[in-house]
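Architecture and fold: a report
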Amino acid sequence: MKYITIIIISILSVHSSYSQINEIGVFIGGSNFIGDVGATNYISPNQLAFGGVYKWNRSPRHSYRISLTLTDLEGKDSKSDDPRRIQRNYGFSNKITEISAGMEFTFFDFNLHSGKRVSTPYIYSGISVANHKDSYFLNGLQNNQGSSSWAFGIPMALGFKTSFLQSFVLGFEIGARFTFSDNLDGSFPKDASLQPYRFGNQNNNDWYTFSGITLTYTFGQNPCYCVK
């Protein structure tokens, strides 16, 4: 955690010296899991998700962004509409810490120095990595292996943001993460000795989604792209 703090402070100091616009704030919302355990609804938050976000608005149309998000991913077969899963009745919970970095593109110019209220839809993508506990199922119950792994993924988000009061930006975002892991839910343990406990569709990797709001505070001098 201390290394993340050092990186964010370094980014802030460097970009402030180049007189660019910065945003720093919080995200709060919900998460849901899509995999081999639980419901398969794409957007159906069932656990609290929260974290922090930093953006460097490189131009009125794009921003570099980094975020840190924490949540408990949860899946219950009893909440599924698949009769086979309901009968199986598995359930899992896995605490994850995700770091995501990438680029945000706006549909319209988002010039925070225009003196007017500005709003725009946007899309975001990049790369993410999520730390999670390794687990497997035995006799229908989730068992922790006592180790953890990092699951790399590709974030894809669609949102809408608007300038709010003075120096604040309010946004709403729905984002999916396609991961390169199939064991966030304990269905595909990597340990060779646990191969007999693998189940589900081993050709599909796990997904999870975040839905919620962001509130960021803007600071920094008037950037060069606003000067005429």
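Up top is the structure these notes are about.
Overview of the structure. Predicted model, so just to flag it, every value in this text is computed and none were measured.

Calculation notes
Residues numbered from 1 in each chain as written. Predicted model: local features only at pLDDT ≥ 70, side-chain atom pairs only at ≥ 80, totals over all residues. Heavy atoms only, no water. Helix = DSSP H or I, 4+ residues; strand = E, 2+ residues; numbered from the N terminus. Buried < 20%, exposed > 50% of the residue type's maximum accessible area, 1.4 Å probe, protein only. Contact = heavy atoms within 4.5 Å. Areas by Shrake-Rupley, 256 points an atom, 1.4 Å probe, with all protein chains shown as cover. Phe/Tyr/Trp six-rings, centres within 6.5 Å; stacked < 30°, edge-to-face > 60°. Lys NZ or Arg CZ within 6 Å of the ring centre and 35° of its normal. Core = buried A, V, L, I, M, F, W, Y, C linked by side-chain atoms within 4.5 Å. Lys, Arg positive; Asp, Glu negative; His and termini not counted. Salt bridge = Lys/Arg side-chain N within 4 Å of Asp/Glu carboxyl O. Pairing = 2+ DSSP bridges. Axes fitted to C-alpha atoms, helices over the stretch in contact; angles between N-to-C directions.

A few words on the overall build of the chain. The number of helices and strands found in the chain is two helices and eight strands. Listed N to C, the secondary structure of the chain is α-β-β-β-α-β-β-β-β-β in terms of helices and strands. Looking at the 228 residues of the chain, the share that counts as buried comes to 43%. Residue pairs at least 24 apart in sequence account for 67% of intrachain contacts in the chain once pairs closer than 6 positions are excluded. Carbon and sulfur atoms provide 60% of the accessible area of the chain, an area that totals close to 12000 Å².

Scanning all chains against the criterion turns up twelve aromatic pairs. Measuring from centroid to centroid gives 4.9 Å for F33 and F92, while their planes differ by 75°, and the two rings are edge-to-face. Remark: F92 occurs in strand β4 (residues 91–106) and F33 occurs in strand β1 (residues 21–34); sequence separation between them is 59 residues. The ring centre of Y122 lies 5.3 Å from the NZ or CZ of K55, which sits over that ring. Across the ring face of F188, the terminal group of R198 is positioned such that the distance to the ring centre comes to 4.1 Å.

All right, on to the nonpolar core then. With 15 residues, the main nonpolar core has V37, L73, F92, F137, L184 and Y208 as its most contacted residues. When neighbours within four sequence positions are excluded, F92 is seen to be in contact with F33, V37, L73, E74, G75, F137, Q142, L184 and D185.

Once that is clear, we can look at the side chain of D182. Within the secondary structure, D182 is located in the loop between β7 (168–179) and β8 (207–219). Here D182 is buried and forms no salt bridge, its nearest opposite-charge partner R198 lying at an N-O distance of 8.2 Å. Residues in contact with D182, not counting those within four places in the same chain, are D36, S187, F188, N201, Q202, N204, N205 and D206.

Bringing the environment of G115 into the picture now. Among the structural elements, G115 can be located in the loop between β4 and β5 (119–138). Exposure remark for G115: the relative accessible area of 76% places this residue in the exposed category. When the C-alpha positions of G115 and Q166 are compared, they lie 10.0 Å apart, and in sequence the two are 51 residues distant.

Let us look at the sheet that holds strand β3 (residues 62–76). What the eight strands build is a closed barrel, ordered β1-β2-β3-β4-β5-β6-β7-β8; its pairing is antiparallel. Taken pair by pair, the neighbouring strands of this sheet meet at an average axis angle of 25°, ignoring direction. Relative to strand β2 (residues 47–59), β1 runs antiparallel, the two sharing eleven bridges. Paired with I28 across the two strands is F50, which belongs to β2.

The next point concerns the pattern of salt bridges. Counted by the stated rule, this structure contains nine salt bridges. In this structure, K55 engages E104 in a salt bridge whose closest nitrogen and oxygen atoms are separated by 3.1 Å. A residue pair is termed long-range when its members are at least 10 positions apart, and K55 in strand β2 and E104 in strand β4 qualify at 49 residues. Judged by relative accessible area, which is 0%, E104 ranks as buried. The partner of R65 in a salt bridge is E173, with the nearest N and O atoms 2.8 Å apart. Separated by 108 residues along the polypeptide, R65 in strand β3 and E173 in strand β7 bring together distant segments of the chain. In this structure R65 comes out as buried when scored by relative accessible area, which is 8%.

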